[in-house]
Each structure stands twice: as structure tokens, then as C-alpha cells.
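Here is what each chain is made of, one letter per residue.
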Amino acid sequence: MGKIIAVVNQKGGVGKTTTAVNIAAALTQMGKRVLLCDFDPQANATSGMGLDKRKLSKSVYDVVVNDTAAEEAITATPYGHVLPATSDLAGAAVELISMPDANHRLSAALETVRSNYDVIFIDCPPSLEMLTLNALAAADSILIPVQCEYFALEGLSDLMTTLRLVKKRINPKLEIFGVALTMFDGRTNFSAQVAQEVRRHFPGKVYGTAIPRNVRLAEAPSHGLPVCAYDKHSRGAHAYQAMAEEIAKKL
């Protein structure tokens, strides 16, 4: 039975989608059966896995709103299977409000394919609203990317408050799977200080590997490729490979 992990942080620009795409691809390379569910209306994880969001006949929107079977919308790529998103998903948050069991639409869909995978990642939108609540209701645990920059911990208290409310009211089993340090600059004391502070807040949950700032990592999405396919020798590729190995041991 596959583990479902929501990649979540309501702050934008923390490397959330980059982490979801590259961890999914690295685990796939290691022989794991991986599904990446893109639940962000920006659909960046979809394009980052090499899919053209303008040419999709079915997406996660059809699954949660129109009751399309998840299996019908899933697309196989060389880097893992993808339950893709399109811009239609932007309207789903409003449509879901009036639907029965609104918070559990994604959960019900993923349960039908969970046994096909070792792990399912959900790339969440950078906000704490209906789509993110659906993702948290579906997940067993969450992976939190935290950038090693000023204000890194700002907003994490809001996320922890939401996590406690979701555990209390919607999904009692939800736990923190891990915390990923991103945009780490080893040349500055400041990055090291932020990393130390994050480890203090989340003892035993922060991965030993920190993801560095890396040009190749930034370029890869524009080519529709995970960094391991774009430049497997880059620092970014090596870092995500190392983090994926840490994650594989916990699965």
C-alpha cells in the first residue's frame, strides 16, 4: 500500500514544486513506483514532468469535480506517473464547496490507485484553502520545503496550526514526514543559521541533505525536465538524489 505525502508550504517560492518533481523523478530512477499528483492550478509540476498542460484530455480537475476515474487521467512519463493539473483547477476550490464530502474528493480518488504505487506525492498550491485541505485530508503525512532565507520560519506557525486543525477535524493520522531545506547557500553563515533554527523547530525531521542554489536546477523546468534528466552531474541533481535516498529509507 503506497504512502501518500503532501508537499506543502503556504509560502510561495520555497522550492515546493521543484522538490516534488525532482524527488519523484529520483525515486523513479531508483526503481520505486511513484505517482506525482499535481494539485496546484499553476500546473508547474505537470510541465516539469514533461507534459504539455494544454494538450491533456483529462486532469485532476476532472477527477475531483466530474468523478472521472483517477486511472483514466494518470499519464506515464519516464520520470514517474503523473496525475496532471490544468488551469481548470483554479475554479475547483469554488465548485468543491457545494459538493458532498468536499474535503475528501481527492482522498477518495487516490485510494482507488494507492495500491499501484510505493509512494504518491501531492504538489499543493501555495495557500491554505480548499485544494490544500483536500490534499491534507488525502495524505498520510506532509513534506515541508523550507528555504534557507530570511523569513524562512515566517508562516510555518500558520502551517502547524492548520496541521493541528486538520488532524483534529479531518485526518487524525496526518504526521510530518520530513522537512527539506532548500536554496541553501553554503558560502553564507546566514543559511547555516536558518538551517540550525529549522532543525531546532523540527528535531529529527529535517533531512541531512540541503538543496543548494543551483543554476541547472533553475533551468530544468523551462525544458520540461527534472534536473536528473537535464543535467545529472549538477550539484542540484546530486542533492536531490541524496535526499531521495534518505526518503526511500523512511518509506
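Up top you'll find the structure we're talking about.
Reference entry: report on the structure contained in this document.

Cut-off values and rules
- Residues numbered from 1 in each chain as written.
- Predicted model: local features only at pLDDT ≥ 70, side-chain atom pairs only at ≥ 80, totals over all residues.
- Heavy atoms only, no water.
- Helix = DSSP H or I, 4+ residues; strand = E, 2+ residues; numbered from the N terminus.
- Rg over C-alpha atoms; globule rule 2.2 N^0.38 Å.
- Buried < 20%, exposed > 50% of the residue type's maximum accessible area, 1.4 Å probe, protein only.
- Contact = heavy atoms within 4.5 Å.
- Areas by Shrake-Rupley, 256 points an atom, 1.4 Å probe, with all protein chains shown as cover.
- Phe/Tyr/Trp six-rings, centres within 6.5 Å; stacked < 30°, edge-to-face > 60°.
- Lys NZ or Arg CZ within 6 Å of the ring centre and 35° of its normal.
- Pairing = 2+ DSSP bridges.
- Axes fitted to C-alpha atoms, helices over the stretch in contact; angles between N-to-C directions.
- Patch = residues over 30% accessible without salt bridge, like charges linked within 9 Å, V, L, I, M, F, W, Y side chains within 5 Å.
- Salt bridge = Lys/Arg side-chain N within 4 Å of Asp/Glu carboxyl O.

### What about the overall build of the chain?
- When helices and strands are counted, the chain shows 12 helices and 7 strands.
- For the chain, whose C-alpha radius of gyration is 17 Å, the value lies close to the compact-globule estimate of 18 Å for 251 residues.
- When burial is assessed residue by residue, the chain has 55% of its 251 residues classed as buried.
- Sequence separation of at least 24 residues holds for 78% of the intrachain contacts in the chain that already meet a minimum separation of 6.
- Looking at the chain as shown, the accessible area adds up to about 10900 Å², and 51% of this sits on carbon and sulfur atoms.

### A closer look at the packing of aromatic side chains
- Scanning all chains against the criterion turns up 0 aromatic pairs.
- The side chain of K250 reaches across the aromatic face of F177, ending 4.6 Å from its centre.

### Digging into the sheet that holds strand β2 (residues 34–38)
- Across the sheet, 7 strands lie side by side as β3-β4-β2-β5-β1-β6-β7; this open sheet has mixed pairing. The two strands at the open ends of the sheet, each matched to only one other strand, are β3 (75–77) and β7 (175–182). Neighbour to neighbour, the strand axes of the sheet diverge by 25° on average, direction disregarded.
- Two strands pair when backbone bridges link them, and β2 and strand β4 (residues 80–83) are joined in this way by 3 bridges, in the parallel orientation.

### Points about a nonpolar patch on the surface
- There is a patch of nonpolar side chains on the surface, built from Y150, F151 and F190 and spanning about 350 Å² of accessible area.
- Mapped onto the fold, Y150 is located in the loop between β6 (141–147) and α8 (156–169).
- Since its relative accessible area comes to 59%, Y150 is described here as exposed.

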